[in-house]
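The residues making up each chain are set out below.
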Amino acid sequence: MDKNFQEQFTGNVEFRPPLYKQRYQFIKDLVEKYRPKKVADLGCADCSLLWMLKFCSCIEVLAGLDICANVMKEKMHRLSPLPGDYLQPAERPLTVTLHHGSVAHKDPCMLGFDLVTCIELIEHLEESELKKFPEVVFGFMAPSIVVISTPNSEFNPLLPGVTLFRHADHKFEWNRVQFQSWALEAARCYGYSVEFTGVGHPPTGMENVGFCTQIGVFLRKYHQTCESAQSEKPTEAVHRMVFKAVYPSLKDEKYLQNAVVGEVVFTAQIIKQSLLDRLMAEHEEHNGDQRKFKFQPSMNCFSEDLGKRVVEKSMESFVNGNMVYIPLTTIFSFPKVNQLCGTFERLCKLIAGKVTLSSDGSAVMLNIEHENEEN
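Only a predicted model underlies this, so the values are computations on that prediction, with no experimental measurement involved.

About the thresholds
Residues numbered from 1 in each chain as written. Predicted model: local features only at pLDDT ≥ 70, side-chain atom pairs only at ≥ 80, totals over all residues. Heavy atoms only, no water. Helix = DSSP H or I, 4+ residues; strand = E, 2+ residues; numbered from the N terminus. Buried < 20%, exposed > 50% of the residue type's maximum accessible area, 1.4 Å probe, protein only. Areas by Shrake-Rupley, 256 points an atom, 1.4 Å probe, with all protein chains shown as cover. Phe/Tyr/Trp six-rings, centres within 6.5 Å; stacked < 30°, edge-to-face > 60°. Axes fitted to C-alpha atoms, helices over the stretch in contact; angles between N-to-C directions. Parallel < 35°, antiparallel > 145°, perpendicular 65-115°, else oblique. Left-handed = near helix turned anticlockwise from the far one by under 90°. Contact = heavy atoms within 4.5 Å. Nonpolar A, V, L, I, M, F, W, Y, C, P; charged D, E, K, R; others polar. pLDDT = per-residue confidence, 0-100. Salt bridge = Lys/Arg side-chain N within 4 Å of Asp/Glu carboxyl O. Pairing = 2+ DSSP bridges.

A. Spotlight on the overall build of the chain. Along the chain, the regular secondary structure elements total twelve helices and eleven strands. Buried positions account for 48% of the 375 residues belonging to the chain. As displayed, the chain offers around 19,400 Å² of accessible surface, 50% of which is attributable to carbon and sulfur atoms.

Below, the structure is given as structure tokens:
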């Protein structure tokens, strides 16, 4: 991708936001529209697009491919999970991989994707690579959607300093007729339809040159198949994986259990606090300033809505000696716990051995003695 290409211009041509961000936003909007689960970015370079897409809640698999391993390695750490991802795992799984290889070669690791993006890629390909590209992407990979962007050479005269091509590594730059002719032929051969658009509007009065970046969106015709091409899938990998990250997810039993246990303990503490507040208030009402409990709990840190729910549910809990008993049925009625577990039986299974329960297993037990330690 030509992020280093000058994107702010003199005169009437100025792109806000910068052109590369407009291209990324176009892809993000497309993802929000079609909700693909598996996305591959061919020519991923510094992984900026992949980094943006990892926040899209529908995507479960992200893959990048580039011919330059060093460029990927410089920025690939941005695709690793952060501490917060482990503290609050997402509901959906996410796996991110990066591969070193050419888009002109077939590899099984590039199969099974719903969306394939090729942003500012094809103009970097040698003629021999460009000839193989349609067969690899549309014939072999055969995703539901392919997005290809490339410079519109008709816009070049408006860009200061551009004499031939916008980037030294470009092998060609097409005008709109050339790009559309190539795209329509590829779509016809492999059973796709294609729509043309772009980003980077021309200045007022110069609309005839078209967008600075021209884009083709290819949609596979589902009543047609590519079985003949798919039957020739290679069994050997030709791309080399250079990075893989598997994000923590609530789909994983280990992370789900941690989340449930944490939410159960948090909810139980809230209910306990509410119960002790109520008992202390009742005690003060009948005994003046004498206090049964030496600490002074408060509900101020909880939301009004949660506080109301605590008051409603805490009546089912009780104190016996130094222990507070909170029924599991009460805890399960709280939306977050219910959402995480789904069923009461699942709740019991997930917290077994992780939370202190009453002898019959029907209630969470919390000790109130530590509340008085500092007083």
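B. Quick peek at the packing of aromatic side chains. Tallying each qualifying case throughout the model produces 15 aromatic pairs. Summarising the aromatic geometry, the rings of Phe 138 and Tyr 190 are spaced 6.3 Å apart at their centres and angled 20° between planes, so their arrangement reads as stacked. In this pair, Phe 138 is assigned in helix α5 (residues 127–141) and Tyr 190 in helix α6 (residues 176–190), connecting sequence segments 52 residues apart. A relative accessible area of 0% places Phe 138 in the buried class. Aromatic pair Phe 138 and Phe 218: ring centres 4.8 Å apart, planes at 50°, arrangement tilted. Within this pair, whereas Phe 138 is found in helix α5, its partner Phe 218 is found in strand β7 (residues 213–220), the two being separated by 80 residues in sequence.

C. The arrangement of the packing of α5 against α6 in detail. Axis separation between α5 and α6 bottoms out at 10 Å; the angle between their running directions is 45°. Judged on the interaxial angle alone, α6 and α5 are oblique. Considering the relative orientation of α5 and α6, their crossing is right-handed. Across the interface between the two elements, Leu 130, Phe 133, Pro 134, Glu 135, Phe 138 and Gly 139 of α5 pack against Trp 182, Ala 186 and Tyr 190 of α6. Here the residues of the contact of α5 with α6 are counted per class, giving seven nonpolar, one polar and one charged.

D. The arrangement of the confidence of the model for the chain in detail. On average, residues of the chain score 85 in pLDDT, and 84% of them are at 70 or above. A low-confidence stretch, residues 224–231 (pLDDT under 50), is modelled with twelve contacts involving residues beyond four sequence positions or located in other chains.

E. Inspection of the pattern of salt bridges at higher detail. Inspection of the entire model under this criterion finds nine salt bridges. The partner of Glu 120 in a salt bridge is Arg 23, and the shortest N-O contact between them spans 3.6 Å. Residue Glu 120 is found in the loop between β4 (115–119) and α5, and its partner Arg 23 is found in helix α1 (residues 19–34); the two are separated by 97 residues along the sequence. By relative accessible area, Arg 23 is classed as buried at 5%. The partner of Glu 185 in a salt bridge is Arg 188, and the shortest N-O contact between them spans 2.7 Å. Taken together, the residues Glu 185 and Arg 188, both in helix α6 and three residues apart, mark about one turn of the helix.

F. Seen up close, the sheet that holds strand β3 (residues 94–100). What the eight strands build is an open sheet, ordered β6-β7-β5-β4-β1-β2-β3-β8; its pairing is mixed. The strands lining the two open edges of the sheet, one partner per strand, are β6 (192–199) and β8 (240–247). Taken over all neighbouring pairs, the strand axes of this sheet differ in orientation by 15° on average, direction set aside. Relative to the sheet, α6 contacts β5 (145–151), β6 and β7, its axis offset from that of β6 by approximately 155°.

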